[in-house]
Amino acid sequence: MSVSKETNTYRQQLRVCIMETALKKFTQYGIRAVKMDDIASELSISKRTLYEIFKDKEEVLYESINIYNKRRWQYMAEYVSHGKHNVIDIIMEFYRMKINEVRSVNPVFYTDIVKYPTLVQLIKDNKERARVEYLTFMQRGVREGFLRPDVNYEMIPHMMDAMGLYIVNSKLLDNYTFEELFSNYFLVSLRGLCTEAGLKVIEETVI
């Protein structure tokens with residue numbers, strides 16, 4: 001029983017290490033450039049051991065991104081739960097988190113990810129989940145007086161998605177960093193949604 005428990009614990013720890021190592025390499029070099037051999041070599045394990053835990057690279061990719069997203073959701077949920085932050089504070093914290101993320105990601109990662117069906121579906125599912133919470137959140141911002149009441153907030157996520165697709169399809173990442181692109185379209189859009197009170201909070205926020 002003890003040996004079995006220790007083996008299971010080791011496998012669970014190894015599974016987490018594989019996901020963390022793989023995601024780091026995927027974001028650093030791009031998904032297609034990283035082979036299962038590279039991940040196994042990085043962790044000093046055999047490829048056989050790697051394949052005993054994950055059936056292929058797409059599963060490693062899916063699980064590593066899924067756990068990363070869950071950690072982001074948890075962090076933001078904890079930030080929101082403190083109760084002392086207004087809507088603009090929360091939006092700007094999300095912005096800072098996203099900027100810190102994209103600074104360490106090779107743009108090729110974003111163009112590679114759309115080539116994996118399970119990842120495309122995961123992204124779609126996460127967006128659907130986020131949209132439900134997003135509308136409630138934006139309505140809160142209107143009530144707090146930081147966001148304009150004359151905006152159709154149901155349209156905004158669709159417009160953001162369209163901008164993201166345009167960035168990828170037009171290969172703007174060849175000429176600009178993801179940080180530049182995200183910063184410009186996010187902050188410009190946010191300012192357009194804000195009341196004078198909301199704009200004041202943004203201007204007072206140290207980014």
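Not measured: the values here are computed from a predicted model.

Draft legend 1. Quick look at helix α2 (residues 36-43). Where α2 is concerned, the buried positions are Met36, Ile39 and Ala40. The buried residues of α2 occupy an angular sector of 95 degrees when the element is viewed end-on, so they sit on one face. One or two steps after α2, the chain reaches Ser44, where phi turns positive at roughly 60 degrees.

Draft legend 2. Broad picture of the nonpolar core. Counting residues in hydrophobic clusters, the biggest one holds 58 residues, and the most contacted among them are Ile18, Phe26, Ile39, Ile88 and Phe109. Not counting residues up to four positions away in its chain, the partners in contact with Ile39 are Ile18, Ala22, Phe26, Val34, Leu50 and Val60.

Draft legend 3. Geometry of the pattern of salt bridges. Enumeration over the complete set of coordinates arrives at 16 salt bridges. Taken together, the shared-partner salt bridges in this structure form one network comprising Lys127, Glu128, Arg131 and Asp161.

Draft legend 4. Structural view of the packing of aromatic side chains. Summed over all chains, the structure comprises 7 aromatic pairs. A ring pair is formed by Phe109 and Tyr110, whose centres lie 5.6 Å apart and whose planes are at 75 degrees; its orientation type is edge-to-face. For Tyr110, a relative accessible area of 14% puts it in the buried group. Each ring, one from Phe182 and one from Tyr185, has its centre 5.7 Å from the other, and the planes form 80 degrees; the classification is edge-to-face. Remark: Tyr185 and Phe182 occur in helix α9 (residues 178-193); sequence separation between them is 3 residues, near one turn of the helix. Put simply, the rings of Phe94, Tyr95, Phe182, Tyr185 and Phe186 pair up and form one aromatic cluster. Positioned above the aromatic ring of Trp73, the side-chain terminus of Arg129 is 3.8 Å from the ring centre.

Parameters at a glance
- Residues numbered from 1 in each chain as written.
- Predicted model: local features only at pLDDT ≥ 70, side-chain atom pairs only at ≥ 80, totals over all residues.
- Heavy atoms only, no water.
- Buried < 20%, exposed > 50% of the residue type's maximum accessible area, 1.4 Å probe, protein only.
- Helix = DSSP H or I, 4+ residues; strand = E, 2+ residues; numbered from the N terminus.
- Arc of directions from axis to C-beta.
- Core = buried A, V, L, I, M, F, W, Y, C linked by side-chain atoms within 4.5 Å.
- Contact = heavy atoms within 4.5 Å.
- Salt bridge = Lys/Arg side-chain N within 4 Å of Asp/Glu carboxyl O.
- Phe/Tyr/Trp six-rings, centres within 6.5 Å; stacked < 30°, edge-to-face > 60°.
- Lys NZ or Arg CZ within 6 Å of the ring centre and 35° of its normal.

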